Every structure is written in C-alpha cells, then in structure tokens.
Amino acid sequence: MIPSLLPTYNRVDLAFERGQGSWLVTDGGERYLDLGAGIAVNALGHAHPALVQVLADQGAKLWHVSNLYKIPQQQTLADQLVDLTFADTVFFTNSGTEACELAVKMARKYWSDKGEDRARIIGFDGSFHGRSSAGIAAAGGEKLTAGFGPLLPGFTHLPFGDIDGLTNELAEGDVAAVIIEPVQGEGGIRPVADDELKAIRAACNDAGALLIFDEVQCGMGRTGKLFAHEFPGVTPDIMMVAKGIGGGFPLGAVLATEDAASGMVAGTHGSTYGGNPLACAVGSKVTEIVADPEFLAEVSRKAGLFRQKLEGLVAEHPDVFESVRGSGLMLGLKCKAANMDVLAKCYDANVLCVPAGDNVLRILPALTIEDEDISEAITRLETAAKAMEGQSA
Ligand SMILES: *Cc1c(COP(=O)(O)O)cnc(C)c1O
C-alpha cells in the first residue's frame, strides 16, 4: 500500500525537533552536528536571532499580499540585490526550480521579441537546475528525465568543461542561452575553472547568446564571495538564486540585466506567492548579513580552516576518502568507499553530510559555523572513517 506521503524520498530514520546554529536536536533529544544546512539553505544556521526577530515582527504585521499591489519588502530586497550585483532588475520566486523556469522563458522571449529563431538552450552534463519540466530538460541527466518524456524540446547537453563543443554549437546561430552552475552542486561539487568560465562568457559574447548562471547552491556567500562568478570576474546576463537567500524560508530570485529582461513586460510572467512580504523581509535580512565584506571574509577564513583539516582527514584515511574539492564552504569529499556507506557511518557518529553525484559527500555547513564546530566535525568524520575501516578490515 502506498504510504500517505508520496514515497519519492529515500529518507533516513531521523526527525529533528529544533536547531541552534550548526546543531540539530532530534525529537528524542539527540544532538547532531549539521554539515548539510538543509542543502545550503540554512546559510545563517538554525534559529539565527536576527532572522527569528524579523520573521516574528513581519509575521505579526503582514504575511502575504498579492503582487497586484506594491510590496515594499520586495522593493527593498530587489534594490539590495541590484546594488550588490551585475543585475538591473529582479523577479522573486519561491524556489530554484521556478527561477529556472523564468530564466529559460526570459532567454527565449528575448530572441522571440527580436524576431530571431533562437530557442535552443545549452547545458552541461552533471548539472542540476530543479525538478520542473524545464529544469529536468535543462539538466538532461537520465536520473532526472527517465519516464517523464516527452521532454521540453530545445535543450542540448555537452560534457562538463567542453568549451570546443560549446563554440561549435554556438556557431549554429540558433542558441538562445547557455546555462551553467559556476560550481556544480548535485553533480558532486565540481567547480568550473576560472579560465573556463571566462571562455564560456567570451564564446557567448562572440555568438551573441545569453549566459545564465545557476547560483542557486553556490551563491549567497557560500564560496566566500557573495556570488561564485565574482572569482573569475565575469558576469551573466541572467542569474538564478534560491536556497541560501531565504535562510530557510522558501525564496528564490532571477536577476537580470536590463537588456536580457527586455521582453518581460507586464503580463508575461507572475507568481502568486513569489516575493511576498514575509519571504522578502527574511531574505532582506539574510542578504544584509551575508553581503557584509567582514562576514564574507570570515566565510573564507573558516573555509580555509575546514579545508585544511579535511585534507588531513583524507590523508589519514586513504581507503575511505580520495580528495577534497570545492570552493569556500561548498566542499566535497570525493570518496573511495561508497559515499552512501560513509554517510551511514556519519549518521552513526551524529554528523550530517549530504550525498552528491560522482561518489561525493557534500559538506555545506552554516556559513556561521564556529571554529570549534569545525574541529568537532573533523572528530566525527574521523569516527565515521574509522568505522568504515573497521568494517573493511
Ligand atoms: C537546489 C537547486 C535547484 C533547485 O532549487 P529548488 O529550490 O529545489 O527548486 C536548482 N539549481 C541548483 C544548482 C540547485 O542546487
């Protein structure tokens, strides 16, 4: 008999009742060190006092009004994001998936308005852009798309890092946009090299194609920059944001240049919940805190510390782990043993990581993780590694 919850998730037998910073407490009172942060969502950890305050204050005043009316909290957050980034304009969604939908629609509308037959979108293997029909078509992976055809047409996929292939595809003249995560998340924490992102930007410029960055996972301070594309110093035409921006409240956004957004006039797109006062009040506070250069410098310092300790862990346990990769506090432990087996031992050691493709365990802690919790994380990961070695011996 089908369970009352549609069984689309492989859930672990853990239920949490409350959280504080980098710690989660089960309904039975057991403490877990959270290195997953709701998959890079709880950017400021659990129950951050400033977020609890803004949620309570706004919650007592007004949760939701329709986008039929002006929403000052939405205007404030849009102005913050425009000030902080390449973007001239912002649309708010409830999720990364919905941001993907708009990014694709915006790119196609751009060319349609110019009277050009350019609808094709190029993506890369191993990517993830959400679970909607456009999201799975954009990512293209068999695990996402199998059984859900006919897929939304007009998507082409290239091997990760295939710049020559990209140049060839762009030469066809029918490409609306290229979509890429500057650091692949679900695919296994694979950063795109700085010179590759630069080459992709240059190839798009040469062909006149739009460039979409999916910074849903790698954005909002995760890498130590507000957005990961600040490292190579190239900007997209359209960018998807979600996860960390709401700090746990569902919120996403599409950021765009004036030119790329030119087709999206009144009546072309909308969302009932997107950008409501409660979501934007919280998102605005998250953005204010995360965009502070001192906060970002601390993320980079903690990331350096964490990474150095993880390198030591990998060196000590070569049968369990192969390498450390990633950017900032978006870290991946490439495993030698099966990542799901290592993850089971992590649960036994009361530490939470997140599995990813390419046999990787993701480490995506709260950006506010304390130094002592980084040390504690290594101790617990060490316990998990030893349990793996005990098992294989
Ligand atoms: C999580 C994720 C999405 C989808 O976001 P949802 O909020 O789950 O819809 C899209 N792109 C990337 C890179 C992601 O990590």
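Conventions we followed
- Residues numbered from 1 in each chain as written.
- Predicted model: local features only at pLDDT ≥ 70, side-chain atom pairs only at ≥ 80, totals over all residues.
- Heavy atoms only, no water.
- Domains from an automatic or database assignment.
- Buried area = accessible area lost by both parts, 1.4 Å probe.
- Salt bridge = Lys/Arg side-chain N within 4 Å of Asp/Glu carboxyl O.
- Polar contact = N/O pair within 3.5 Å; in protein donor to acceptor, adjacent residues only side chain to side chain.
- Helix = DSSP H or I, 4+ residues; strand = E, 2+ residues; numbered from the N terminus.
- Pairing = 2+ DSSP bridges.
- Axes fitted to C-alpha atoms, helices over the stretch in contact; angles between N-to-C directions.
- Contact = heavy atoms within 4.5 Å.
- Phe/Tyr/Trp six-rings, centres within 6.5 Å; stacked < 30°, edge-to-face > 60°.
- Buried < 20%, exposed > 50% of the residue type's maximum accessible area, 1.4 Å probe, protein only.
- Near = heavy atom within 4 Å.
- Areas by Shrake-Rupley, 256 points an atom, 1.4 Å probe, with all protein chains shown as cover.
- Nonpolar A, V, L, I, M, F, W, Y, C, P; charged D, E, K, R; others polar.

Describe the domain arrangement of the protein, and please don't skip the residues or the numbers.
Split into domains, the protein comes out as domain 1 (16–45 + 293–392) and domain 2 (50–290). The largest per-residue losses of area from domain 1 upon contact with domain 2 belong to L44, L296 and M330, which jointly make up 30% of the total buried on that side. Our enumeration of links across domain 1 and domain 2 arrives at 1 salt bridge. The tally of links between domain 1 and domain 2 comes to 8 residue pairs in polar contact (both at pLDDT 80 or more). Taken together, the elements giving at least two residues each to the side of domain 1 that touches domain 2 come down to α1 (37–40), α10 (293–316), β13 (321–327), β14 (330–335) and β17 (360–363). No other element matches the 4 residues that α10 contributes to the side of domain 1 that touches domain 2.

Just give me the short version of the sheet that holds strand β16 (residues 354–356), but keep the residues and values in it.
Neighbouring strands of a sheet are bound in pairs by backbone hydrogen bonds; such pairs are parallel or else antiparallel. Taken together, the 4 strands give an open sheet; going across it, the order is β13-β14-β17-β16, and neighbouring strands pair in antiparallel fashion. Either end of the sheet is taken by a strand with one partner, and the two such strands are β13 and β16. Pairs of neighbouring strands in the sheet enclose a mean axial angle of 30°, with direction left out of account. On the sheet, α10 packs against β13, β14 and β17 and is oriented at approximately 165° with respect to β13. The strands touched by helix α11 (residues 339–348) are β13, β14, β16 and β17; relative to β17, the strand with the most contacts, the crossing angle is about 45°.

So what's going on with the packing of aromatic side chains? Which residues, and what values?
If you walk through the whole model with that rule in mind, you get 2 aromatic pairs. Where F16 meets Y32, the ring centres are 5.6 Å apart and the plane angle is 80°; that geometry is what we call edge-to-face. Of this pair, F16 sits in strand β1 (residues 16–20) while Y32 sits in strand β3 (residues 31–34), and the two are 16 residues apart along the sequence. Classification of F16 as partly exposed rests on a relative accessible area of 32%.

Please give an account of the site of the ligand that cites residues and values.
All residues adjacent to the ligand are S95, G96, T97, F128, H129, G130, E181, D214, V216, Q217 and K243. Within the side chain of Q217, one N or O atom sits 2.7 Å away from an oxygen atom of the ligand. One of the side-chain N or O atoms of K243 is found 2.6 Å from an oxygen atom in the ligand. Coverage of the ligand by the protein amounts to 83% of the 380 Å² it exposes when considered alone. Residue classes in the shell around the ligand are distributed as 2 nonpolar, 6 polar and 3 charged.

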